[in-house]
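Architecture at a glance
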Amino acid sequence: MEKQTWQLVDSYMTERLRIGDEGLDAALANNRQKGLPAIDVSPTQGKLLTLLARMKGAKRILEIGTLGGYSTICLAQGMSDTGKIVTLEYEPKHAACAKENIAFAGYADQVDIIIGPALESLPILHEQQQSFDFIFIDADKPNNPHYVKWALKLASPGAVLVADNVIRDGEVLNRHSTDPRVQGIRTFVELLEQEERIEATAIQTVGEKGYDGFILGIVH
Ligand SMILES: C[S@@+](CC[C@H](N)C(=O)[O-])C[C@H]1O[C@@H](n2cnc3c(N)ncnc32)[C@H](O)[C@@H]1O
């Protein structure tokens, strides 16, 4: 099938901007070989995570939704040399694959994968008085409103907040949508509208998963 313009542009930019490396390529190959769903962030989007973590000088990153650890490795590449990531994953099979990929990429000692529903892990992190200067939300979208509330409790002042898949082919505009993921994003955006501590914007994207986008913000 003939490639669409956005695919050609994505390949052009990925190549010209030298995006990706052995660890990231191996992670994607292992994820597909183990049958994980192909819902990792794209290489150009992953590089955005790397750059945001580097711009922030992130030292403690929380990721909600690990899958095979592709985005975890992107974040690890941008964090400070002594940085740590806590990443939350529901599916043991995904977490096991992520563990392999993260170790191969050289970040085994800096990443803690917690297996289980994020809504059970987040209160434990809070009880432990953990805090984070970068939070990436990319798990089950119906729970995004809960995740942003936990993010507010766990964020250190000035923390970066990123959430993926917030446009959903434009369905975010459809207040009558029966898709709980769309309603999760709509409620999430309404919470952002009301929450003065969060200053945010949206970046629209196009990719293998369609027309979608990120929320980027700072928790003051
Ligand atoms: C979109 S994928 C994450 C992709 C990953 N961030 C990347 O770009 O490489 C979402 C992941 O969240 C996990 N997940 C879904 N519901 C969850 C929950 N309640 N708690 C923790 N993880 C969950 C899924 O199993 C899946 O692996």
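Note that the structure is a prediction, hence the values are computed from the model and not measured. (Residues numbered from 1 in each chain as written. Predicted model: local features only at pLDDT ≥ 70, side-chain atom pairs only at ≥ 80, totals over all residues. Heavy atoms only, no water.)

For the rest of this paragraph, the subject is the pattern of salt bridges. Scanning the model with the defined rule gives 4 salt bridges in all. The salt bridge involving K34 is made with E100; its shortest N-O contact spans 2.8 Å. In this pair, K34 is assigned in the loop between α2 (22–33) and α3 (43–56) and E100 in helix α5 (residues 92–104), connecting sequence segments 66 residues apart. For K34, a relative accessible area of 33% puts it in the partly exposed group. Two residues, D179 and R181, come together in a salt bridge whose shortest N-O distance is 2.8 Å. (Salt bridge = Lys/Arg side-chain N within 4 Å of Asp/Glu carboxyl O. Helix = DSSP H or I, 4+ residues; strand = E, 2+ residues; numbered from the N terminus. Buried < 20%, exposed > 50% of the residue type's maximum accessible area, 1.4 Å probe, protein only.)

In this section: the site of the ligand. Surrounding the ligand, one finds 22 residues, the nearest of these being V41, S71, E89, H94 and D138. Contact between the ligand and S71: a nitrogen atom at 2.8 Å from a side-chain N or O atom of the residue. Within the complex, 90% of the 610 Å² of free accessible area of the ligand lies under protein. Secondary-structure elements contributing two or more residues to the shell around the ligand are α4 (70–78) and β2 (84–89). A per-class count over the shell around the ligand returns 11 nonpolar, 5 polar and 6 charged. (Near = heavy atom within 4 Å. Polar contact = N/O pair within 3.5 Å; in protein donor to acceptor, adjacent residues only side chain to side chain. Areas by Shrake-Rupley, 256 points an atom, 1.4 Å probe, with all protein chains shown as cover. Nonpolar A, V, L, I, M, F, W, Y, C, P; charged D, E, K, R; others polar.)

A separate point is α2. Across its 12 residues, α2 extends 16 Å between first and last C-alpha, which sits within 8% of the 16 Å expected from 1.5 Å per residue. Next to the buried residues of α2 lie α4 and α5. One side-chain oxygen of the residue at the start of α2 lies 3.2 Å from the amide nitrogen of G23, identifying that residue as D21. Immediately beyond the C-terminal end of α2, within one or two residues, lies G35, with a positive phi of roughly 80°. (Expected span 1.5 Å × (residues − 1). Contact = heavy atoms within 4.5 Å.)

A word on unusual backbone geometry. Backbone geometry places R168, a non-glycine residue, at a positive phi of 55°. With respect to the secondary-structure elements, R168 resides in the loop between β5 (155–164) and α8 (180–194).

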